Amino acid sequence: MTTSGNVCHPVDWQDAPTLDTETLADDLARHFHYTLGRDKVGESQHYLYQALALTIRDRLVSRMRQTREDNSKKRSVAYLSLEFLIGRSLNNAILNLEMEQEVKQALANYCAELERVGEAEHDAGLGNGGLGRLAACFLDSCAAMALPVTGYGIRYEYGMFNQRIDNGYQIEQPDHWLREGHPWELPAPDKTVRVKFFGHVAVHKDEQGRLHREWVDTHDVYAVPYDVPVPGCGNDVVNTLRLWKSEATDEFDLSEFNAGGYAEAVAKKNLAEQISMVLYPNDASENGKELRLRQQYFLCSASLQDRINRWIELNGEDFTEFADYHVFQLNDTHPSIAVAELMRLLIDEHKLDWQQAWDITTKTMAYTNHTLLPEALEKWSVALFQRLLPRLMEIIYEINARFLTEVAKKWPGCSDKQRALSLIEEGPYPQVRMAYLAIVGSFSVNGVAALHSKLLVERLFKDFYELWPHKFNNKTNGVTPRRWLAHCNPQLAQLLTENIGQTWVKDFSQISKIKDYVNDSKFTAQWAKVKRDNKLKLCELVQKHCGVEFDADMMFDVQVKRIHEYKRQLLNILHVIHLYRRICDGDTQGMVPRCVLIGGKAAPGYDMAKQIIKLICNVAKTVNDDPRAQPWLRVAFLPNYNVTAMETICPAADLSEQISTAGKEASGTGNMKFMMNGALTIGTLDGANVEMLEALGGEDFFVFGAQVEEVDAIRANYNAQEIINNDKNLSAVIALLESGHFNLCEPGIFNSILYVLKSDSDPWLTCYDFASYVQAQEQVSAAYQNKARWTQMSVLNTAASGTFSSDRTIAQYSQEIWQLQHTSNSEGE
Ligand code: 26Q
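In this report, we go over the structure that sits alongside the text.

Thresholds applied
- Residues numbered from 1 in each chain as written.
- Predicted model: local features only at pLDDT ≥ 70, side-chain atom pairs only at ≥ 80, totals over all residues.
- Heavy atoms only, no water.
- Helix = DSSP H or I, 4+ residues; strand = E, 2+ residues; numbered from the N terminus.
- Buried < 20%, exposed > 50% of the residue type's maximum accessible area, 1.4 Å probe, protein only.
- Right-handed = clockwise from strand over helix to strand, strands pointing away.
- Axes fitted to C-alpha atoms, helices over the stretch in contact; angles between N-to-C directions.
- Parallel < 35°, antiparallel > 145°, perpendicular 65-115°, else oblique.
- Left-handed = near helix turned anticlockwise from the far one by under 90°.
- Contact = heavy atoms within 4.5 Å.
- Nonpolar A, V, L, I, M, F, W, Y, C, P; charged D, E, K, R; others polar.
- Pairing = 2+ DSSP bridges.

1. A closer look at unusual backbone geometry
Negative phi values dominate among residues other than glycine, just as trans dominates among peptide bonds. Not every positive phi belongs to a glycine, and Asp236 is a case in point at roughly 65°. Assignment of secondary structure puts Asp236 in the loop between β13 (219–231) and β14 (238–248). Taking relative accessible area as the criterion, Asp236 reaches 52% and is therefore assigned exposed. Not every positive phi belongs to a glycine, and Asp332 is a case in point at roughly 70°. The topology assignment puts Asp332 in the loop between β15 (326–331) and α12 (338–349).

The structure is reproduced here in structure tokens:
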């Protein structure tokens, strides 16, 4: 034992358990037999998985502690996000610790295979889709690049719902993912903080006669942290994802308690625990739910207190340099109340004056926007804010008053500007505009693809751009090549490594080297074989979950993502109907046999999205049951699309569908996963598709559809019926739909879909883009006829995907927003 001050450390406390097979096997046995109390491995691999996870976790926690210590004096980032879509962790940890062989050998003692053991792990679905998965990819890249970045989120008891399909209809089932325990987390109850709600603001004078405002009579909730290790690839760095669980304080409602209502008073504690109970399953707005606002404030208050407490431990109550050492990156507006909360903490709890607090806030907050849909911009009613967070509402009013003075200076006498830019939207029910709060309170505002960032400054946030052009920047999204290539496509990874060496895993720009092999027929033959093997695995998955037989010799045409009208799954299924109609007419000239796979969840309250799922399922059933279609077309809707499913899907796709209405998809990230794995894209000039096409040099990518500059003009004179009348393919498709051919026993169920399609106010321009989509699909078919050429295009897609690694994205955040490289302290002291 050694002692330092009054802290006592066991001698070797900081030694990490070693990574060799023998120690690993011992630890695995110890956890299996003693921690879990098992003697035999049964049919279920569950306990073996748990034991292996604990064994790996041992190797992570000591490194996590070490990394924290190494980083304690550096400028660091807190990535605040309501979502972290982690997926499974076991294989990712093994890959990043580079201990696959050792683990396989240790498992051999149990006659177990890593692949099967890994399947016992639950998919941690603490997110809806793109934004949540982006946060998880970013954490992986930050750790790989040894950057001091901590993720802060909520430890939802229930993650994203499980989707079942019953007669073509989506059924939501709760995902109680923590029921069987979560071996990757470490509770840190000693870091618990209190979060206030309700109450009111009291004003009192201090001895110097200064007025102070105090938030009193609050109902407090505990935030208890659970730390999830985030291993870096091959560098011994383990960062932290800190997830907060809400718990009741031990304070009872005294009046109830005294009236003899002991049990009732205790039961009321449930209210506090509701906060971290469930993830909201909307990937666009569902505004106004009080519990959601409570979640947002809970995350922000707990995380900011955590950073401040750590600062005080090291520096005392001196905040002069606080802003030099902290950045708070806001993942969309969901955590934007952090702007007001940091002000409150600094002023009310740490006695700074307004100006000092505002300087710190506006030097530390940075906001990432993920949407151009105006209806998705978050707003909260002033009345709700006032009741739930009265002190925060006061602070927002004060921020607004000072901000509007600045607006008045820039645009003197222009009350329209005041009204347009105010943080408070006036009206019978005034609302707080969260995006405006985030912009005013931040030093950086970024979009997630070049086109998206351009549209932000030209349209959505035009006035703010005029006021503060220096704040606005672009950071095109990326995805981690560890999970999305090395792990999910081991055969392709092996082929790459054999030819260009291993460095691509950490320096993904190296991937361009495989371009040199595009004319090497041995290499391309191996490439084609890997794709086919991956397709066979997807065939199994589709057979198991959809009961549909896919054929690996057909083209795999895939669209997986949340179901949303702007993403236009409808356009895809109209094309399927078009192909089906041609097949029935015996017109198969130039056609290529296709398997079409569609998957994704609809927000439970999004009726139109649910109807689109039903349509896909009905079309699939009709097509698959028709023997004429058998050689040409198979269609499946994959239930419960999630991170784990994507790990089998993206390595197997030939064609990736990225077909949103131009100007609607901020970036997309699935598009990048498919590209990395050698799928070709059919897509609109939207989001990051534009940059993918550019990276490919304008070739080997099937572009179609209206461009963003044309969309407004098209909408203004839109006449859907005229488009239908002038397009015989489209009118045949619509006629087939209207005939009830796909809903013989369920008359009328697709009427509202037909109504939107034919409406002159269809915001998604589905009919408009149909003809050019069909034409692009014909080019796809023609290209696929030449298999050798297709394989070369596949290679070129992977080769051009270097820039879509989240390592590149994070390097840009680090240099251009976070400035992590430029602080003397961060350079390996
Ligand atoms: C809003 C209000 C109430 C409850 C939930 C929400 C909510 C939740 C999640 C609103 C939006 C989201 C998620 C949005 C999202 O995933 N956006 C996607 O972000 C990706 C990463 O940047 C982009 O690639 C996609 O283009 C974008 O759609």
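2. A look at the pairing of strand β22 (residues 555–560)
On any regular strand, side chains alternate: one points to one face of the sheet, the next to the other face. Of all six residues making up β22, six are buried, and the element is well covered by its neighbours. Burial along β22 is two-sided: Met555, Asp557 and Gln559 and Phe556, Val558 and Val560, pointing in opposite directions, are all buried. For the crossover from β22 across helix α23 (residues 569–584) to strand β23 (residues 594–599), the handedness is right-handed.

3. Thoughts on the packing of α23 against helix α32 (residues 766–785)
Packed helix pairs are specified by the crossing angle of their axes together with the interaxial distance, meaning the distance between the axes. In the contact formed by α23 and α32, the axes pass within 10 Å of each other and the chain directions differ by 60°. In terms of orientation, α23 lies oblique with respect to α32. By crossing handedness, the relation of α23 to α32 is classed as right-handed. Between α23 and α32, the contacting residues are Leu571, Asn572, Leu574, His575, His578 and Arg582 on the first element and Thr766, Asp769, Phe770, Tyr773, Val774, Gln777 and Glu778 on the second. In the contact of α23 with α32, the residues fall into five nonpolar, five polar and three charged.

4. Looking at the sheet that holds β23
Pairing in this open sheet of six strands is parallel, and the strands run β24-β23-β22-β25-β26-β27 from one edge to the other. If you trace the sheet from one side to the other, it starts and ends with β24 (633–638) and β27 (702–703), each paired once. Relative to strand β26 (residues 680–683), strand β25 (residues 655–658) runs parallel, the two being bridged by four bridges. By the bridge assignment, Glu657 is partnered in β26 with Ile682. Across the sheet, helix α24 (residues 607–625) lies against β23 and β24, angled at about 145° from β24, the strand it touches most.

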